[in-house]
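Examining the three-dimensional arrangement
Chain by chain, the residues run as shown.
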Amino acid sequence: MTVKSAKSPKHEGSFQKYISINTSIVLSPVIVSILYHFHPKAMEAEKASLIPKRRDISRTKSSAHDELHSFRSWLRWMCVDQSTGYTFCLSWLVFIVFTIVIPTLSHFYLACSDCDNRHARPHDSHVQLSLSTMATLSFLCLSRFVRVYGLRRFLFFDKLCNESDTVRKGYTEQLDSSLKILFVFVAPCFTAEAAYKIWWYSSGATAIPFFGNAMVSDAVACTLELASWLYRTVVFFLVCVLFRLICHLQILRLQDFAQVFHVDSDVEDVLREHLRIRRHLRIISHRYRVFILWALILVTISQFTSLLDTTRSTADLSIFKTGELALVSVSLLAGIMILLRCATRITHKAQGVTCLAAKWHVCATIESFDPPDIDTETPPMGVLTNQVFSHDASASDNDDAGSEDELDSTKLIPAYARSTISFQKRQALVTYFENNRAGITVFGFMLDRTSLHTIVMIEMSLVLWLLGKTVGIS
């Protein structure tokens, strides 16, 4: 009588496999410890291989020689860098000296009260208060931007790793030219102010014997006043130029986004990219809404008070007395125009996506209906008749539209989506664009061309009225 084995051949194989797995599990910590003891480098390499790699970390970290190296150096030279404790204290010290101390001393101690009629400065308080107020607002907003977000994150350089090469290259070039744009706005104002101050001190308006020598005292006082003027105007225009730089990045992204309608794209991918652009526009609006709103309020108040001051019956108006007042008004208006133009432009480009999507939907719908076979089917009346409009009617018009980009193009779009995207999906996407307009907002109010026309009409009316009263320009 034979006794059957407790393990059949089928179960014997699974049992051996189970024993081998448990043995490897038990012995694996021992083997790992031995490898770590004799080959620690191999263990570190093994750990590094298990950690998932992130390509965007190297781009989000700040480096001493990255894209912002020259820009940081310029900010440090202008004493507005607050990256370290030393630069933070130095930045606030320079701000207090050039924005509060020197203008106060200039108004109460350097203004010549007993000078002749040509050298009197009756509007100096308004000039100093307007510049210092705007410089204070700009400095506080800039300090908050750098302290809370960091310069790299505030300028969206940490997001460039997800953009195309065209967007990265265009944004880097725009960053390099931002300082030139700042110089273009600051240089004329500073030149006019320097000419006026040099004339005012050199013509013997006042003599302040701080150093025992009238010429040395006047030279020092003139230099300090010019430095204060330069610092306040640079800080104000710097925040405006940074807003222009950030808006230019979003315009580059919108132009790059327009390419999805020229290739075979999926509706879900198009929707995700548009939602990402809308999210960034909402972030920009949230960061700059306080600055834009208060800048508009302060500039408007400044223009109204200037008009009330210059339209008095006892006001003695001449270019020597009111030249600085007109120069301050023009400078503040130029900064406001930078903000409004950039906000309106990016809103126009963002809303232009709706027109582009509608045109893409129309072209795809037209191409989806093939003409009937004339040999086998009786063609409709429209096929036999001549065309009312020629296909080449717009060919000659394209020669004059060289400055149009993809968002403003008037050319037809090839229907790449005819075979992959249904009519319902295209219609849903166009409906979404029509009901979700993107752009720059200030506490819910869209900065579009309608708001731009209203604000420009009010501000330009005030400035032109003031220029007509001060320097005779109307």
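Refer to the structure above for everything that follows.
Just so it is clear, the structure is predicted and the values come from calculations on it, not from any experiment. (Residues numbered from 1 in each chain as written. Predicted model: local features only at pLDDT ≥ 70, side-chain atom pairs only at ≥ 80, totals over all residues. Heavy atoms only, no water.)

1. Observations regarding the overall build of the protein
To keep it simple, the criterion reads: Strands are runs of DSSP state E lasting at least 2 residues, helices are runs of H or I lasting at least 4, and numbering of each runs from the N terminus. Areas reported here follow the Shrake-Rupley algorithm with a probe of radius 1.4 Å; residue values treat only the protein chains shown as occluding.
Counting secondary structure elements, the protein contains 14 helices and two strands. Only carbon and sulfur atoms are counted for the fraction: they give 62% of the accessible area of the protein, which is about 27,300 Å².

2. What to know about the packing of helix H10 (residues 267–310) against helix H13 (residues 423–435)
Under the convention used in this document: Each axis is a line fitted through C-alpha atoms, and for a helix only the stretch in contact is used; angles between axes span 0 to 180 degrees, taken between their N-to-C directions. The labels follow the angle: roughly parallel below 35 degrees, roughly antiparallel above 145, roughly perpendicular from 65 to 115, and oblique for the rest. Contacts between residues were defined by any pair of non-hydrogen atoms, one from each residue, lying within 4.5 Å. Basically, the charged four are Asp, Glu, Lys and Arg, the nonpolar ten are Ala, Val, Leu, Ile, Met, Phe, Trp, Tyr, Cys and Pro, and anything else, Gly included, counts as polar.
Running from amino to carboxyl end, H10 crosses H13 at an angle of 10°, the nearest separation of the two axes being 11 Å. Viewed along their axes, H10 and H13 adopt a mutual orientation that is roughly parallel. Here H10 contributes Val 267, Val 270, Leu 271, His 274, Leu 275 and Arg 278 to the contact with H13, which in turn contributes Lys 425, Leu 429, Tyr 432 and Phe 433. Looking at the contact of H10 with H13 residue by residue, the class counts come to seven nonpolar, one polar and two charged.

3. Focus on the side chain of Glu 459
The condition is simple: Exposed residues in this analysis have more than 50% of their type's maximum accessible area, buried residues have under 20%, and partly exposed residues fall in between, with area computed by a 1.4 Å probe over protein chains only. Asp and Glu count as negative and Lys and Arg as positive, but His and the ends of the chain are not part of the count. Note on definitions: salt bridges are taken to be side-chain nitrogens of Lys or Arg within 4 Å of carboxyl oxygens of Asp or Glu. Pairing of N or O atoms within 3.5 Å defines a polar contact, subject to two protein rules: one partner must be a possible hydrogen donor and the other a possible acceptor, and residues neighboring in sequence count only if both atoms are side-chain atoms.
Note on placement: Glu 459 falls in helix H14 (residues 449–470). For the buried Glu 459, no salt bridge exists, and the shortest N-O distance to an oppositely charged side chain is 17 Å, to Arg 341. Among the polar contacts listed, one links the side chain of Glu 459 to the side chain of Thr 300, at a separation of 2.6 Å. Look past the residues within four positions of Glu 459 in its chain and what remains in contact with it is Leu 296, Val 299, Thr 300, Gln 303 and Leu 333.

4. What to know about the nonpolar core
Going by this rule: By nonpolar core is meant a set of buried Ala, Val, Leu, Ile, Met, Phe, Trp, Tyr and Cys residues that side-chain atoms within 4.5 Å join together.
Formed by 93 residues in total, the largest nonpolar core has its most connected members in Leu 155, Phe 243 and Tyr 288. The leading source of residues in this core is helix H9 (residues 214–257), at 20 residues. The contact partners of Tyr 288, leaving out residues within four places of it in the chain, are Phe 145, Phe 154, Val 239, Leu 242, Phe 243 and Ile 246. Of all hydrophobic cores here, the second largest spans eight residues; its members include Leu 110, Tyr 201, Cys 222 and Leu 226.

5. Comments concerning the packing of aromatic side chains
Formally: Classification of ring pairs uses Phe, Tyr and Trp, with its six-membered ring standing for Trp, and accepts pairs whose centres are within 6.5 Å; under 30 degrees between planes counts as stacked, over 60 as edge-to-face, and the remaining range as tilted.
For the structure on display, the rule yields 16 aromatic pairs. When the centroid spacing of 5.0 Å and the interplanar angle of 80° are considered together, the rings of Trp 200 and Tyr 201 count as edge-to-face. Judged by relative accessible area, Tyr 201 falls into the buried class, the value being 5%. Taken together, the ring pairs in this structure connect Phe 145, Phe 154, Phe 243, Tyr 288 and Phe 291 into an aromatic cluster.

6. Some remarks on the environment of Val 239
Assignment of secondary structure puts Val 239 in helix H9. Each C-alpha atom of the pair Val 239 and Phe 291 lies 9.0 Å from the other, and the pair is 52 residues apart in sequence. Beyond its immediate chain neighbours, meaning those up to four positions away, Val 239 contacts Ser 138, Leu 142, Tyr 288 and Phe 291.

7. Considerations on the packing of H9 against H10
One way to put it is that H9 packs onto H10 with a least axis distance of 11 Å and a crossing angle of 170°. What the angle tells us is that H9 and H10 run roughly antiparallel. When H9 is examined against H10, the residues Phe 236, Val 239, Cys 240, Leu 242, Phe 243, Ile 246, Gln 250, Arg 253, Leu 254 and Phe 257 are found in contact with a partner set consisting of Val 270, Glu 273, His 274, Arg 276, Ile 277, His 280, Leu 281, Ile 284, Tyr 288, Phe 291 and Ile 292. The residue makeup of the contact of H9 with H10, split by class, is 15 nonpolar, three polar and three charged.

8. Some thoughts on a nonpolar patch on the surface
The condition is simple: Any residue with relative accessible area above 30% and no salt bridge may belong to a patch, with like charges joined within 9 Å and the nonpolar Val, Leu, Ile, Met, Phe, Trp and Tyr side chains within 5 Å.
On the surface, Val 290, Leu 293, Trp 294, Ile 297, Ile 301, Phe 443 and Phe 445 cluster together to form a nonpolar patch covering roughly 670 Å² of accessible area. Ranked by the residues each element gives to the nonpolar patch, the list is headed by H10, at five residues. Assignment of secondary structure puts Trp 294 in helix H10.

9. As for the environment of Thr 305
Turning to its location among the elements, Thr 305 is positioned in helix H10. On the basis of relative accessibility, which here comes to 34%, the residue Thr 305 falls in the partly exposed class. When the C-alpha positions of Thr 305 and His 126 are compared, they lie 8.2 Å apart, and in sequence the two are 179 residues distant. A polar atom in the side chain of Thr 305 sits 3.4 Å from the side chain of His 126. At 2.9 Å, the side chain of Thr 305 forms a polar contact with the backbone oxygen of Ser 302.

10. Focus on a positive patch on the surface
Here is the rule we go by: Note that the charge is assigned to NZ on lysines, CZ on arginines, CG on aspartates and CD on glutamates.
Residues Arg 153, Lys 159, Arg 279 and Arg 282 make up a contiguous surface patch of positive charge. The topology assignment puts Arg 153 in helix H7 (residues 151–154). Judged by relative accessible area, Arg 153 falls into the partly exposed class, the value being 44%.

11. Points about the pattern of salt bridges
Following the criterion strictly, the structure yields ten salt bridges and no others. Of the charged contacts, one joins Lys 197 and Glu 324 as a salt bridge, the two residues approaching to 3.3 Å between their closest N and O atoms. Taken together, the positions of Lys 197 in helix H8 (residues 165–202) and Glu 324 in helix H11 (residues 319–367) put the pair 127 residues apart, joining distant regions of the chain. You can call Glu 324 buried: its relative accessible area is 5%. We note a salt bridge from Glu 268 to Arg 272, for which the minimum N-O separation is 3.0 Å. On the criterion of helical spacing, the pair formed by Glu 268 and Arg 272 is a turn pair, its members being four residues apart in helix H10. What makes Glu 268 partly exposed here is its relative accessible area of 43%. A network of salt bridges, in which partner residues are shared, links Glu 163, Arg 253, Glu 273 and Arg 276.

12. Notes on unusual backbone geometry
With a phi close to 60°, Cys 79 is a non-glycine residue in the positive phi region. Among the secondary structure elements, Cys 79 is positioned in the loop between helix H4 (69–77) and helix H5 (85–110). One non-glycine residue with positive phi stands out, namely Phe 156, at about 65°. Structurally, the position occupied by Phe 156 is in the loop between H7 and H8.

The values are spatial; any link to function lies outside them.
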